[in-house]
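Below, each chain spelled out in residue letters.
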Amino acid sequence: MEAAEITATAGLVAVIIAAIGLAATAIYRIGKLTEATNRLPNEMQGEFQSIRVEIQRIYDRIEQNEHLTDQRFRRNEELIRHNEELIRSEGERTREQIRNLHQAIMSHSHDEDGSVIFRIPPPEPDEQ
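Residues numbered from 1 in each chain as written. Predicted model: local features only at pLDDT ≥ 70, side-chain atom pairs only at ≥ 80, totals over all residues. Heavy atoms only, no water.

K.L.:
I tried to follow the overall build of the protein on my own but got confused; where do I start?
P.N.:
Looking only at helices and strands, the protein has one helix and two strands in total. Secondary structure of the protein in N-to-C order comes out as α-β-β. For the protein, the C-alpha radius of gyration of 51 Å lies well beyond 14 Å, the compact-globule estimate for 128 residues. As presented, the protein carries roughly 11500 Å² of accessible surface, and 60% of it is formed by carbon and sulfur atoms. (Helix = DSSP H or I, 4+ residues; strand = E, 2+ residues; numbered from the N terminus. Rg over C-alpha atoms; globule rule 2.2 N^0.38 Å. Areas by Shrake-Rupley, 256 points an atom, 1.4 Å probe, with all protein chains shown as cover.)

K.L.:
Any chance you could explain the confidence of the model for the protein here in plain terms?
P.N.:
In low-pLDDT regions, the fine details of the predicted coordinates are not to be read closely. On average, the protein scores 89 in pLDDT, and the residues at 70 or more come to 93%. By mean pLDDT, the top-scoring element of the protein is helix α1 (residues 3–106) (93), and the lowest-scoring one is strand β2 (residues 116–118) (76). (pLDDT = per-residue confidence, 0-100.)

K.L.:
What exactly am I supposed to notice about a negative patch on the surface here?
P.N.:
A contiguous patch of negative charge on the surface is contributed by Asp60, Glu63, Glu66 and Asp70. With respect to the helices, strands and loops of the structure, Glu66 is situated in helix α1. (Patch = residues over 30% accessible without salt bridge, like charges linked within 9 Å, V, L, I, M, F, W, Y side chains within 5 Å. Salt bridge = Lys/Arg side-chain N within 4 Å of Asp/Glu carboxyl O. Lys, Arg positive; Asp, Glu negative; His and termini not counted. Charge placed at Lys NZ, Arg CZ, Asp CG, Glu CD.)

K.L.:
Looking at this structure, how should I read a nonpolar patch on the surface?
P.N.:
A contiguous nonpolar surface patch, about 720 Å² in accessible area, is contributed by Leu40, Met44, Phe48, Ile51, Ile55, Ile58, Tyr59 and Ile62. Topologically, Ile62 is positioned in helix α1. The exposure class of Ile62 is partly exposed, given its relative accessible area of 40%. (Buried < 20%, exposed > 50% of the residue type's maximum accessible area, 1.4 Å probe, protein only.)

K.L.:
Is there a simple way to explain the pattern of salt bridges in this structure?
P.N.:
Here the idea is simple: oppositely charged side chains can pair when their charged atoms come close. Tallied over the full model, the rule gives ten salt bridges. Arg75 is the salt-bridge partner of Glu78, the closest N and O atoms lying 3.6 Å from each other. Taken together, the residues Glu78 and Arg75, both in helix α1 and three residues apart, mark about one turn of the helix. Look at Glu78 and you get partly exposed, because its relative accessible area is 42%. Here Arg93 makes a salt bridge to Glu90, at a shortest N to O gap of 3.1 Å. In this pair, Arg93 and Glu90 both sit in helix α1, three residues apart, roughly one turn of the helix. For Arg93, a relative accessible area of 46% translates into the label partly exposed. In the salt-bridge network here, residues are joined through shared partners; they are Glu92, Arg95, Glu96 and Arg99.

K.L.:
Explain the environment of Gln56 here, please?
P.N.:
Relative to the elements of secondary structure, Gln56 occurs in helix α1. Between the C-alpha atoms of Gln56 and Leu79, which are 23 residues apart in sequence, the distance is 34 Å.

Below, the structure written as structure tokens:
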């Protein structure tokens, strides 16, 4: 064997070893990708389940907030009705006091020395 043949054979062997190494690496990577691809549906299932749980928590909080909002709304309506009733009763009381003051003003007069003279019963508003 001559040097050229030995070099060619060594080069061929090196190419074959490199091809085997590349094939082994490719097979290893394909195996890893296949394994990851097979794991992906299970991982996605877990992620989807986590998302469903979180969405349910959000819906539960929304429902709870709606319930609290309804309670607060009803309570506010009760307070408004109560305040309206207070305003009505205070308004009536104020009108009564005004009527009493009006009657007091209408039912008195002053004599020459400034003394107050009350007339009983007080005159009607149109008598003045």
